[in-house]
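# Examination of the molecular architecture
The lines below spell out each chain.
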Amino acid sequence: MDETSKPQNNPAEHRAWAVSADRFVKQPRPKPASATGRPPAPRTSLSSSATQVQLEETGITWDRSAVDWSLLERSTVGRARSRFRASLPEYIWDAAALEGNPYTLPEVQTLLEGITVTGHRIADQDQILALNEGFNLTDELVGTSKFHLDKATSDEIHAKVAVYEAIESGHFRGEGSAGGGGHVSIGSLGTFHASEPGENGTNLKREFSRLRAYLLEDVEDPREQAIAYFCAATRRQFYFDGNKRTAKLMMAGHLMQNSYDAISISARRQLEFNQLLAPLFDTGEATEMMQFIIDSRPA
């Protein structure tokens, strides 16, 4: 599409902005339970055979005993949604900045008010507006109890956030006329190659089904389900583009649906995030990324 023919404005549905810029600064690792008074997180290390099953079913491995899940405290769905809506500009800015979008937070706030910001490419503007659609859709699905950790929900969210960028947005690689994809540069480690999609995306659909079954049947904690989903879906590369953005919103939706606050990976921690992405893609080991995500929780 010609950039000049794309829509210029798309006001946000929710504008209750009450988040300071320092809300998502790096948070320290927890002190030992004896110092905090909190009980320690459950320790349930997996055997080598169980780890292999974990890798085969999800595409990643993690040591749940090394992640402090107790740092994510349960609230209510209503409160989680309220804080999510209040944080929308910051969350959208985080997601866009991690993709290299040059918009500043004040510019994102201005654009979401329906005022075009000059001096930026139409493509950058469209990415912000598409993210706004995806974030609001996620909130709406949670609010109407229609959010599910399934392919239909992921496709619906992806169709919003990647509408201007991904080939055949809203569909897995291979489901349409285009095939291939799934190649991610990981710097000095070379290039990560995700699975070939197969005819009509059959391989990726199978991988998604196995991932979902493992998380919902073998993982009891919704916090672990949500964060493991983000890591696994990021590595599986189900879509041509927009995988991390879609996986983040799926993680956020599943957390809120289960009465936990959504988590935004702050753009201020981009270097740390990128450093952890490389080994995640290279070996599938996700433990450090999971703790990093928890450490990125709202204050």
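Our structure is the block above this text.
Presented here is an overview of the structure given in this document. Quick caveat: nothing in here was measured; it's all calculated off a predicted structure.

## Section: the nonpolar core
As a rule of thumb, nonpolar side chains are buried together in soluble globular proteins. Core analysis: the biggest nonpolar cluster contains 79 residues, and Met 290 and Ile 293 have the highest contact counts within it. When residues of this core are assigned to their parent elements, the largest contribution, 8 residues, is made by helix H9 (residues 222-236). Residues within four places of Met 290 in sequence aside, it is in contact with Ile 60, Trp 62, Val 67, Trp 69, Ile 227, Ala 228 and Cys 231.

## Notes on the packing of H9 against helix H11 (residues 270-283)
Viewed as axis vectors pointing N to C, H9 and H11 meet at an angle of 70°, and their least axial separation amounts to 10 Å. In terms of orientation, H9 lies roughly perpendicular with respect to H11. The interaxial crossing formed by H9 with H11 has right-handed handedness. Contacts between H9 and H11 involve Phe 230, Cys 231, Thr 234 and Arg 235 from the first element and Phe 273, Leu 277, Leu 280, Phe 281, Asp 282 and Thr 283 from the second. Residues of the contact of H9 with H11, tallied by class, amount to 6 nonpolar, 2 polar and 2 charged.

## Looking at helix H8 (residues 202-218)
For the α-helix, the turn length of 3.6 residues means that residues three or four positions removed from each other point alike. With 17 residues, H8 extends 24 Å between its outermost C-alpha atoms, agreeing within 8% with the 24 Å of an ideal straight helix rising 1.5 Å per residue. Inspection of H8 places Leu 204, Glu 207, Phe 208, Leu 211, Tyr 214 and Leu 215 among the buried residues, and these make up the whole buried set. The buried residues of H8 occupy an angular sector of 130° when the element is viewed end-on, so they sit on one face. For H8, the secondary structure elements touched by its buried residues are helix H2 (48-58), helix H7 (151-161) and H9.

## Looking at the pattern of salt bridges
A full pass over the atoms with the stated rule returns 17 salt bridges. Between Glu 165 and Arg 245 there is a salt bridge whose closest N-O contact spans 2.8 Å. You can see Glu 165 sitting in the loop between H7 and strand E1 (183-185) and its partner Arg 245 sitting in helix H10 (residues 243-257), a full 80 residues away along the chain. Looking at Glu 165, the relative accessible area reads 32%, which means it is partly exposed. You can call Arg 245 buried: its relative accessible area is 2%. For Arg 269, the salt bridge is made with Glu 272, and the minimal N-O distance between the two is 3.0 Å. For Arg 269, a relative accessible area of 4% gives the class buried. Members of the salt-bridge network, linked through shared partners, are Glu 99, Glu 165, Asp 241, Lys 244 and Arg 245.

## Considering the layout of surface pockets
Computed from the structure, the largest pocket encloses a volume of approximately 280 Å³. If you go around the largest pocket, you meet 16 residues; those closest to its centre are Val 184, Gln 237, Asp 241, Lys 244 and Phe 281. Those elements giving two or more residues to the lining of the largest pocket turn out to be E1, H10 and H11. Per-element accounting of the lining of the largest pocket gives the leading share, 4 residues, to H11. Taken together, the residues of the lining of the largest pocket break down into 6 nonpolar, 6 polar and 4 charged.

Conventions and cut-offs
Residues numbered from 1 in each chain as written. Predicted model: local features only at pLDDT ≥ 70, side-chain atom pairs only at ≥ 80, totals over all residues. Heavy atoms only, no water. Core = buried A, V, L, I, M, F, W, Y, C linked by side-chain atoms within 4.5 Å. Buried < 20%, exposed > 50% of the residue type's maximum accessible area, 1.4 Å probe, protein only. Helix = DSSP H or I, 4+ residues; strand = E, 2+ residues; numbered from the N terminus. Contact = heavy atoms within 4.5 Å. Axes fitted to C-alpha atoms, helices over the stretch in contact; angles between N-to-C directions. Parallel < 35°, antiparallel > 145°, perpendicular 65-115°, else oblique. Left-handed = near helix turned anticlockwise from the far one by under 90°. Nonpolar A, V, L, I, M, F, W, Y, C, P; charged D, E, K, R; others polar. Expected span 1.5 Å × (residues − 1). Arc of directions from axis to C-beta. Salt bridge = Lys/Arg side-chain N within 4 Å of Asp/Glu carboxyl O. 1 Å grid on protein atoms, 1.4 Å probe; cavity = no way out; pocket = protein on both sides within 12 Å on 5 of 7 lines; lining within 4 Å. Points joined across faces, edges and corners; volume = space filled by probe spheres on them.

Function-wise, these values are silent; they only describe arrangement.
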